[in-house]
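# A look at the structure
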Amino acid sequence: MSFRGRLAVSPFVVNNYCLLAEHFDVSQSGFNGPIPTTLGQLTNLVRVSLSENSLTGPLPDSIVLLSNLVDASFRSNEITGQLPSNINLMTSLQVFDVYENRISGPLPTSISRIPLTSIRLYDNELTGTIPVEITGMMQLKELRLDINQLVGTIPPGIGSLPNLGELRLYNNSLTGSFACSDYNISVCLVSCKTVADPTCGVL
């Protein structure tokens, strides 16, 4: 089913059922325009997916009110602006999919204080450096920051994260020295995107 036009969450929040809802999925529904700030009123949400629409504007500040949210997917839209600096208030978040958008600015250091297992922010316009604080995310299994505008060095501690199985950082402007062969990471691409090319794991 396809719903064309702007996404309006406000009609839902007056309904007690929706206020108690744990899942909100309107992916591939043809929505456009900004994400309503009223999304933050659905505080019981565990999973939200607004993927593959034509949503624009920034992620609303109210998103950080979703402290029960475990899985957030906003991928494949036209979302702009920066990630909330207080994203750490999303204390239950494990999966964060915002790839294939136009998110800009730095990756907030506060993201390291969330129990994330998967960060997929590839194909955006992120700038700045990779926060060294990420090296403390012991539960992280997947880190995808490829196809952005990141600079600086790769914090060496990232390779030693005990659960990290996928690391993709290619198509940035990273410098320094990093060799995937020094670490036990199943998929590790830091300088190009072809798994078959052994040089892709060396910066």
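Residues numbered from 1 in each chain as written. Predicted model: local features only at pLDDT ≥ 70, side-chain atom pairs only at ≥ 80, totals over all residues. Heavy atoms only, no water.

## Brief notes about the overall build of the protein chain
- Helix and strand counts for the protein chain come out as 2 helices and 16 strands.
- Computed over its C-alpha atoms, the radius of gyration of the protein chain comes to 17 Å, within 12% of the 17 Å expected for a compact globule of 203 residues.
- Counting only C-alpha atoms and orienting by the principal axes, one finds that the protein chain spans roughly 55 × 30 × 25 Å.
- A total of 203 residues make up the protein chain; the buried ones form 49% of that total.
- For the protein chain, contacts bridging at least 24 residues in sequence account for 42% of all contacts bridging at least 6.
- Carbon and sulfur atoms provide 50% of the accessible area of the protein chain, an area that totals close to 9,200 Å².
- Put simply, the protein chain has 11 plus and 16 minus side-chain charges, and the middle of one group is 4 Å from the middle of the other. (Helix = DSSP H or I, 4+ residues; strand = E, 2+ residues; numbered from the N terminus. Rg over C-alpha atoms; globule rule 2.2 N^0.38 Å. Buried < 20%, exposed > 50% of the residue type's maximum accessible area, 1.4 Å probe, protein only. Contact = heavy atoms within 4.5 Å. Areas by Shrake-Rupley, 256 points an atom, 1.4 Å probe, with all protein chains shown as cover. Lys, Arg positive; Asp, Glu negative; His and termini not counted. Charge placed at Lys NZ, Arg CZ, Asp CG, Glu CD.)

## Some points on the side chain of N88
- The topology assignment puts N88 in the loop between β7 (78–79) and β8 (95–97).
- With a relative accessible area of 17%, N88 lands in the buried category.
- Not counting residues up to four positions away in its chain, the partners in contact with N88 are S110, R113 and I114.

## Brief notes about the state of the cysteines
- Under the criterion given, the structure shown has 2 disulfides.
- C192 shares a disulfide with C200; S-S distance 1.8 Å. Around the S-S axis, the bridge from C192 to C200 shows a dihedral of about -110 degrees and counts as left-handed. One exposure class covers both C192 and C200, and it is buried. (Disulfide = S-S within 2.5 Å.)

## Quick word on the sheet that holds β8
- One open sheet accounts for 8 strands, arranged β2-β4-β6-β8-β10-β12-β14-β16; its pairing is parallel. Each of the sheet's edge strands pairs with one partner strand only, and the pair in question is β2 (23–25) and β16 (187–189). Taking the axes of each pair of neighbouring strands and ignoring which way they run, one obtains an average angle of 10 degrees across the sheet.
- Bridge count for strand β10 (residues 118–120) against strand β12 (residues 142–144) is 3 bridges, and the pairing is parallel. Across the sheet, residue R120 finds its bridge partner in β12, namely R144. (Pairing = 2+ DSSP bridges. Axes fitted to C-alpha atoms, helices over the stretch in contact; angles between N-to-C directions.)

## Some words on the environment of N32
- Mapped onto the elements of the fold, N32 is located in strand β3 (residues 31–34).
- Separated by 46 residues in sequence, N32 and E78 place their C-alpha atoms 9.1 Å apart.

## Overview of the pattern of salt bridges
- Tallied over the full model, the rule gives 6 salt bridges.
- D25 is the salt-bridge partner of R47, the closest N and O atoms lying 3.3 Å from each other. Linking R47 in strand β4 (residues 47–49) with D25 in strand β2, this pair joins segments that are 22 residues apart in sequence.
- Relative accessible area serves as the criterion here: at 31%, R47 is assigned to the partly exposed category.
- By relative accessible area, which is 43% here, D25 ends up partly exposed.
- E52 serves as the salt-bridge partner of R75, at 2.7 Å between the closest nitrogen and oxygen. Of this pair, R75 sits in the loop between β6 (71–73) and β7 while E52 sits in the loop between β4 and β5 (54–57), and the two are 23 residues apart along the sequence.
- One network of salt bridges, in which partners are shared, links D97, R120 and E142. (Salt bridge = Lys/Arg side-chain N within 4 Å of Asp/Glu carboxyl O.)

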